[in-house]
Amino acid sequence: MNEPAKPLGNIYISHQAIATIANQSALESYGVVGLAAKNIVEGLAQVLVKDPNLGVVVHFDGNAIAIDLFIIIEYGTRIKSVTANVADSVRYQIEKCIGLPVTQVNVHVRGLRISNPD
Amino acid sequence: MSSNLQFSSSSGEPRVTTLALLDGQDLKVLIEAALTWLKTNQETVNALNVYPVPDGDTGTNMLLTMQAAFNEIQNSGEQNIGKMAHAIAQGALLGARGNSGVILSQLWRGFARALDNLEKMDAQILVNALKEASVTSYKGVIRPVEGTILTVAKDISIVAENSNAKTNDILQILDYIVAEADLSVQRTPELLPDLKKAGVVDAGGKGLFYLFEGMLRFLKGQPLEAAEVSVKPLSAMDLDKIREKIEPGQDFEWVIDFQPIGELDSNKFSDGLKKIGTSIQIGEGDGMYRMHIHVPTQNRDLPLDYVSKLGTILNWTGENLVAQMEKAKIDLEPVSPGQIGVVVVSPGLGISKIFASLHVSSIVEGGQTMNPSTEEIVRAFENLPTDKIIILPNNKNIILAAQAATTVTLKKVIVVPSKSVPQGLSAMLRLDKDGDLDYIVADMTKALQDAETGEVTVATRSVEINGVHVEAGQVIALLNGDLVEAASTLDEACLGLLEKANTADRERITLFYGENISRNEVNRIVDKIRAVYPSPSHESALHESPKQESPSYEIEVHEGGQPHYQFIISIE
């Protein structure tokens, strides 16, 4: 992805870089206890390769960024709040670090983890 | 046996002196107390919110979460504390808002789990519950971030356990908990860089502190509804100290002295003030009150309106803070590695701005005493991203401190010994940031002689120097540090000084006026100076062949803002 050409050259920011920021931000977000693959096939591939961006898919549609997050949430938390917080955090971090607008953060809850049976 | 606590307005008396056992109803009452105190301090917590997203809603989120928890149990008569705790946790879960809210709901979840099936809670059980709460909270995230509410909850649980070794009195343990919560919150900037950068403590942690403090205050009979209004004695209201603290979003500052009709209800008064502004302080004197407030621009006229309804206004001053702050902003040009960074000592804001426009890299405010320490000077350049530094002390008393500063650093620092602001300015004109350090230093040093320095001020005592006799209160003028003139008015002193400096043979006079002279007075004096040293005549420019070249002088006037000296004059 690139910004408009500047006189001294172009700036290219890879999907990978953006995904890493989203990945880190999501993992620090409260309620998120894991990141998951989109589907089984992709999951297998990502696990085998130890993909650091597991659970994050980056789309770039011209000038703005859209993110899909695939997360696992801790059972017992308010899922609606957790997803809202994660989306907010990820959007903020990416906009702060990259400087390009994030138009969408789609959060897919792939599962819940039960730490404590209540 | 339960303690039969009732939630009601505080009477000022402690509700209990010791607390051994809590049941469901006691817990319900404590939740209400915690919630109320958090509500009172909601905005404080909101203002601290910088992590993870600085959207200023931590206080509100935690409050909504607690409110939801309380709504779940509001009408419950449940005595069993285990069941009550579960209901609270359920309410918190359903109502959790924001990161802090979700974490809070997890804390309650763990807390409730420890109270499972228990009728009542004693100190030991409380300790277990706090520990379980903390453990549960850590499980809810894969990368727990320290320096947040998680840390504070953990620290509280540890202290609770330690204090339980000494006492079984829940009231005492709560005292320890609140003290530790406060300390833990103070430590959060050390654990989370984002907080340190923003200069705040963690909002969520502070919110948790308020929750526990609310419970403690309730038990001690202290008020929860309003942050305590402190009405100070008038003499303690040092206006200068109040004026220093300006928070963002405050545009106007009002200080109003008034005599209330009848008794002033200070709580009601303060509440009314809180609706229109912030930084509220109330002082009481002989039959009168002084009120200080900051208001946003749209509320500019409200303080006077409000106070005038309560009594007779004796005196008022209003100040536009935004305009002041605009004036105080100085933009310094950044310096790159390899360039020369110049540090100057400046006695006034106006002079600082002029130095800034001449590309200095760092300014040390000389202040009232013009005596910055070596450390202050070192701090001014240590963090500049270059190792070539020039210091202009601009005062002969500072030259030693500046020299000392060169010895305590690894950077290449050289002092160009300017003895006055005019000398410093002349030197600055020779600066080429990309030049060779030694060459520039030599150039600047030569330039020090380019300007004559005049200083005009009022003598504080009688003295005889240089054959000039001075009475206290007279206006004196110094030329290059030597007393040359004493007069009864500023105009005479200035003109005498200029004469002694052989200004007739020079070309340019620059005057910097200080903080203890008005612009009007300055203009008056400058007009007199112009009469003796006229500016280039426009007439001669119009004539094709001017009859005679009469000497003309460039005269510039700047607001220097320096203390003590009404004028600092540069003659070139």
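Each chain carries its own residue numbering, running from 1 in the written order of its sequence. Ligands are numbered from 1 and chains lettered from A, in the order in which they are written. Whole-chain, interface and lining totals are the exception, using all residues; otherwise, since this is a predicted model, local features are given only for residues with pLDDT of at least 70 and side-chain atom pairs are given and counted only at 80 or more.

A. Here's a closer look at the overall build of chain A. Helix and strand definitions follow DSSP, with helices as H or I runs of at least four residues and strands as E runs of at least two, each counted in order from the N terminus. Secondary structure assignment for chain A yields three helices and four strands. Ordering the α and β elements of chain A from the N terminus gives α-β-α-β-β-α-β. The exposure label follows from counting other C-beta atoms within 10 Å of a residue's C-beta, where the C-beta atoms are placed from the backbone and the thresholds are 20 or more for buried and 12 or fewer for exposed, leaving partly exposed in between. The buried share among the 118 residues of chain A stands at 33%. Throughout, a residue-residue contact means that the two C-beta atoms, derived from backbone geometry, are no farther apart than 7 Å. The long-range share in chain A, meaning contacts at least 24 apart out of those at least 6 apart in sequence, stands at 71%.

B. Seen up close, the nonpolar core. Judged by nonpolar contacts, the single largest core of 100 residues is most densely connected at Ala22 and Leu69 of chain A together with Ala34, Ile88 and Phe212 of chain B. Setting aside anything within four residues of it in sequence, one finds Ala34 of chain B in contact with Met66, Leu211, Gly214 and Met215 of chain B. By definition, a nonpolar core groups buried Ala, Val, Leu, Ile, Met, Phe, Trp, Tyr and Cys residues that are joined through C-beta atoms within 7 Å.

C. Region of the structure containing unusual backbone geometry. Residues and elements named next belong to chain B. Following Tyr51, the chain continues to Pro52 via a peptide bond in cis, the omega torsion being -5°. Tracing the sequence through the fold places Pro52 in the loop between α2 (42-48) and α3 (58-73). Its identity as a non-glycine residue notwithstanding, Asn480 has a phi of 50°, on the positive side. If you trace the backbone, Asn480 turns up in the loop between β13 (475-479) and β14 (482-487). By C-beta crowding, Asn480 is classed as partly exposed, having 17 other C-beta atoms within 10 Å.

D. Inspection of the pairing of strand β3 (residues 278-284) of chain B at higher detail. Residues and elements named next belong to chain B. Only when DSSP finds a minimum of two bridges between them are two strands counted as paired. In the sheet, β3 pairs with strand β4 (residues 289-295) via five bridges, with the strands oriented antiparallel. Within the sheet, the bridge partner assigned to Ile282 lies in β4 and is Met291. In this structure, the hairpin formed by β3 and β4 is closed by a connection of four residues, where Gly287 is found at a positive phi of approximately 65°.

E. Structural view of the sheet that holds β14 of chain B. All names here are of chain B. Reading across from one edge, β14-β13-β10-β17-β15-β16 is the order of the six strands in this open sheet, with mixed pairing throughout. With partners counted over all chains shown, the strands left at the sheet margins are β14 and β16 (554-559), one partner each. With direction set aside, neighbouring strand axes in the sheet form an average angle of 20°. Two strands pair when backbone bridges link them, and strand β15 (residues 508-513) and β16 are joined in this way by six bridges, in the parallel orientation. Bridge assignment links Thr510 to a residue of β16, and that residue is Glu556. For helices, the axis comes from a line fit to the C-alpha atoms of the stretch in contact; other axes are also lines fit to C-alpha atoms, and the angle between any two N-to-C directions lies between 0 and 180 degrees. Its contacts with the sheet put helix α21 (residues 519-532) on β15 and β16, and the angle it makes with β16 is roughly 170°.

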